[in-house]
Every structure is written in structure tokens, then in C-alpha cells.
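Residues per chain are reported as follows:
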Amino acid sequence: MIKGYFQNLKDNGHAFNIARSDKYGPLTQAEFKETLATIEHKPKAHPMLQIADSYLYSMARQPYDQKFHVVRRLRDSQKLANSVLAPDDVQHMGIKYYCFEHRNAKKNKAGD
């Protein structure tokens, strides 16, 4: 399934609505094909996967939990893209949190 999705990204690009996703500057099919090289199995204990998992989990958790220790460490040591980009570049080159907008809106509304 993962290999099929990977190959589909290379062959066809993303499947998101172009009009709605355009504001996020997604990669084109040609850019996916140029950027994605290979996909290989690595065990969960692989050091690079541990680092990637820490980054991804922290980026996913950051919008609703700024106190999470890994988020704080990555942010404070400027290891996240948004920390080192010029403010004008964050929208197109920074971390995309749009998939969490609905969750954050629900959470904020519940807290009102």
C-alpha cells in the first residue's frame, strides 16, 4: 500500500483539490518525481526513523500542545523549518498545519 502510494505520487502528483490546495504551494507532479528517489524498508529501531518520528510527532502535536517537551526543544534550538525561515516564506516553505485547523477550531470552540 505504501509503495503504491509512493509510486502514485511520483507518477501523478498529489490527489488534493488543486483550487483549494494551491494556497499551500504543493509540489507539482514533476517536482514529486524529481524529489522522491526510492522507498526502502527500515526497522522501527533504525536511528533515522527514530529522529524522523520525533520530528513528525512533534510537528503534529505542536499546534495544540506547546508544552510538549520535544516541541519545546526543537523550537528553542531552531530545528524546525518555521524557526529559520523569513516570515514571508513560512506560508509556502514552512510546516503545513492546515490539516489540524479543523481539530483546533473544534477544541477552541469546546473551550469557549
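Rules used in this analysis
Residues numbered from 1 in each chain as written. Predicted model: local features only at pLDDT ≥ 70, side-chain atom pairs only at ≥ 80, totals over all residues. Heavy atoms only, no water. Helix = DSSP H or I, 4+ residues; strand = E, 2+ residues; numbered from the N terminus. Buried < 20%, exposed > 50% of the residue type's maximum accessible area, 1.4 Å probe, protein only. Contact = heavy atoms within 4.5 Å. Salt bridge = Lys/Arg side-chain N within 4 Å of Asp/Glu carboxyl O. pLDDT = per-residue confidence, 0-100. Phe/Tyr/Trp six-rings, centres within 6.5 Å; stacked < 30°, edge-to-face > 60°. Lys NZ or Arg CZ within 6 Å of the ring centre and 35° of its normal. Polar contact = N/O pair within 3.5 Å; in protein donor to acceptor, adjacent residues only side chain to side chain. Axes fitted to C-alpha atoms, helices over the stretch in contact; angles between N-to-C directions. Parallel < 35°, antiparallel > 145°, perpendicular 65-115°, else oblique. Nonpolar A, V, L, I, M, F, W, Y, C, P; charged D, E, K, R; others polar.

**Q** So what exactly am I meant to see when it comes to the overall build of the protein chain here?
**A** Helix and strand counts for the protein chain stand at eight helices and zero strands. Each helix and strand of the protein chain, placed in order from N terminus to C terminus, yields the pattern α-α-α-α-α-α-α-α. Every one of the 112 residues in the protein chain was classed for burial, and the buried ones make up 19%. Sequence separation of at least 24 residues holds for 42% of the intrachain contacts in the protein chain that already meet a minimum separation of 6.

**Q** In this structure, what is going on with the environment of histidine 92? I would like to understand it.
**A** Here histidine 92 is to be found in helix H7 (residues 87-93). In this structure histidine 92 comes out as partly exposed when scored by relative accessible area, which is 46%. For the pair histidine 92 and aspartate 22, spaced 70 residues apart in sequence, the C-alpha to C-alpha distance is 10.0 Å. Setting aside chain neighbours within four positions, we find histidine 92 in contact with Lys23, Tyr24 and Gly25.

**Q** Looking at this model, I keep getting lost on the pattern of salt bridges. Mind explaining?
**A** Working definition: two side chains of opposite charge can pair if their charged atoms are close together. In total, this model carries four salt bridges according to the counting rule given. Across the pair aspartate 76 and arginine 75 runs a salt bridge, and its minimum N-O distance is 3.3 Å. The class for aspartate 76 is exposed, based on a relative accessible area of 57%.

**Q** How do you make sense of the environment of arginine 73 when you look at a structure like this?
**A** Along the chain, arginine 73 falls in helix H5 (residues 69-76). Linking arginine 73 and serine 58, residues 15 residues apart in sequence, is a C-alpha distance of 9.8 Å.

**Q** What is the right way to read the confidence of the model for the protein chain from this model?
**A** Caution applies to low-pLDDT regions: their predicted coordinates should not be interpreted in detail. Per-residue confidence for the protein chain gives a mean pLDDT of 83; residues scoring 70 or more make up 87%. No element of the protein chain has a lower mean pLDDT than helix H8 (residues 101-111), at 53, and none a higher one than helix H3 (residues 29-35), at 92.

**Q** Just to check I follow, could you spell out the packing of aromatic side chains for this structure?
**A** Per the stated rule, a full pass over the model turns up one aromatic pair. Seen in terms of ring centroids, tyrosine 57 and phenylalanine 68 are 5.5 Å apart; in terms of plane orientation they differ by 85°. Their pairing is edge-to-face. Taken together, the positions of tyrosine 57 in helix H4 (residues 47-61) and phenylalanine 68 in the loop between H4 and H5 put the pair eleven residues apart, joining distant regions of the chain. According to the relative accessible area criterion, phenylalanine 68 is buried, its value standing at 14%. The ring centre of phenylalanine 68 lies 3.9 Å from the NZ or CZ of arginine 61, which sits over that ring.

**Q** Looking at this model, I keep getting lost on the side chain of histidine 14. Mind explaining?
**A** Relative to the assigned elements, histidine 14 resides in the loop between helix H1 (2-12) and helix H2 (18-21). Here the side chain of histidine 14 touches phenylalanine 16 through a polar contact of 3.0 Å, landing on its backbone nitrogen. Discounting chain neighbours no more than four positions away, the residues touching histidine 14 are Leu9, Ser21, Pro26, Leu27 and Phe32.

**Q** Hey, could you run me through the packing of H4 against H5 in this one?
**A** Axis angle and axis distance: for two packed helices, these are the angle between their axes and the distance between the axes, and together they describe the pair. The interhelical angle for the contact between H4 and H5, taken along N-to-C directions, is 100°, at an axis separation of 9 Å. Relative to H5, the element H4 is oriented roughly perpendicular. Together, Ser54, Tyr55 and Ser58 of H4 and Val70, Val71 and Leu74 of H5 make up the contact between the two elements. Here the contact of H4 with H5 is composed, by residue class, of four nonpolar, two polar and no charged.

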